[in-house]
Amino acid sequence: MYVGTLSFDLLLGDVHSLKEKRSVVRPIVAELQRKYAVSAAEVDHADLHRRTIIGLAVVSGDAAHLTDVLDRCERLVAARPEVELLSVRRRFHGDDDD
């Protein structure tokens, strides 16, 4: 079994309220969940209206498949014009981990 996680540190564009922030973040999270069957959520900076961290996790029996899904998720978020991707943190846990 392999588990992979990504956390995206995002700067949001023309957002002036938490309500506007939700209208940007929710569609990104929903698209990640729908397209790639990952668990995803806003995990930090909930009180800031121009910053967010979106975290996601995926479990797979195949390391290559897991890497492919994580790569696709990263490309999807990076391609969103309404956000600037500041950083991505990737973690990969396999059967060898103690």
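As a reminder, the structure under discussion sits directly above these lines.
Below is a short write-up of the structure. (Residues numbered from 1 in each chain as written. Predicted model: local features only at pLDDT ≥ 70, side-chain atom pairs only at ≥ 80, totals over all residues. Heavy atoms only, no water.)

Topologically, Lys21 is positioned in helix H1 (residues 18-36). A distance of 2.8 Å separates a polar atom in the side chain of Lys21 from a polar atom in the side chain of Glu42. In contact with Lys21, other than residues within four places in its own chain, are Leu12, Val15, Glu42, His45, Ala46, Leu48, His49, Arg51 and Thr52. (Helix = DSSP H or I, 4+ residues; strand = E, 2+ residues; numbered from the N terminus. Polar contact = N/O pair within 3.5 Å; in protein donor to acceptor, adjacent residues only side chain to side chain. Contact = heavy atoms within 4.5 Å.)

Turning our attention to the nonpolar core. Soluble globular proteins: nonpolar side chains tend toward being buried together. Core analysis: the largest hydrophobic core is formed by 23 residues, its most contacted members being Leu32, Val38, Ile54, Leu56 and Cys73. Listed by contribution, the elements that provide at least two residues to this core are strand S1 (2-12), H1, strand S3 (51-60) and helix H2 (63-78). Apart from residues no more than four positions distant in its own chain, Leu56 is found in contact with Gly4, Thr5, Leu6, Phe8, Leu32, Val38, Ser39, Ala40, Leu70 and Cys73. (Core = buried A, V, L, I, M, F, W, Y, C linked by side-chain atoms within 4.5 Å. Buried < 20%, exposed > 50% of the residue type's maximum accessible area, 1.4 Å probe, protein only.)

What the four strands build is an open sheet, ordered S2-S3-S1-S4; its pairing is antiparallel. Single-partner strands in this sheet number two, and they are strand S2 (39-44) and strand S4 (83-93). Direction aside, neighbouring strands of the sheet carry axes that sit 20 degrees apart on average. In terms of strand pairing, S1 meets S4 through ten bridges, oriented antiparallel. Directly across from Ser7, in S4, lies its bridge partner Arg89. Running over the sheet, H1 touches S1, S2, S3 and S4 and is turned about 10 degrees from S3. Contacting S1, S3 and S4, H2 crosses the sheet at an angle of about 10 degrees to S1. (Pairing = 2+ DSSP bridges. Axes fitted to C-alpha atoms, helices over the stretch in contact; angles between N-to-C directions.)

All quantities given are derived from atomic positions and should not be read as evidence of function.
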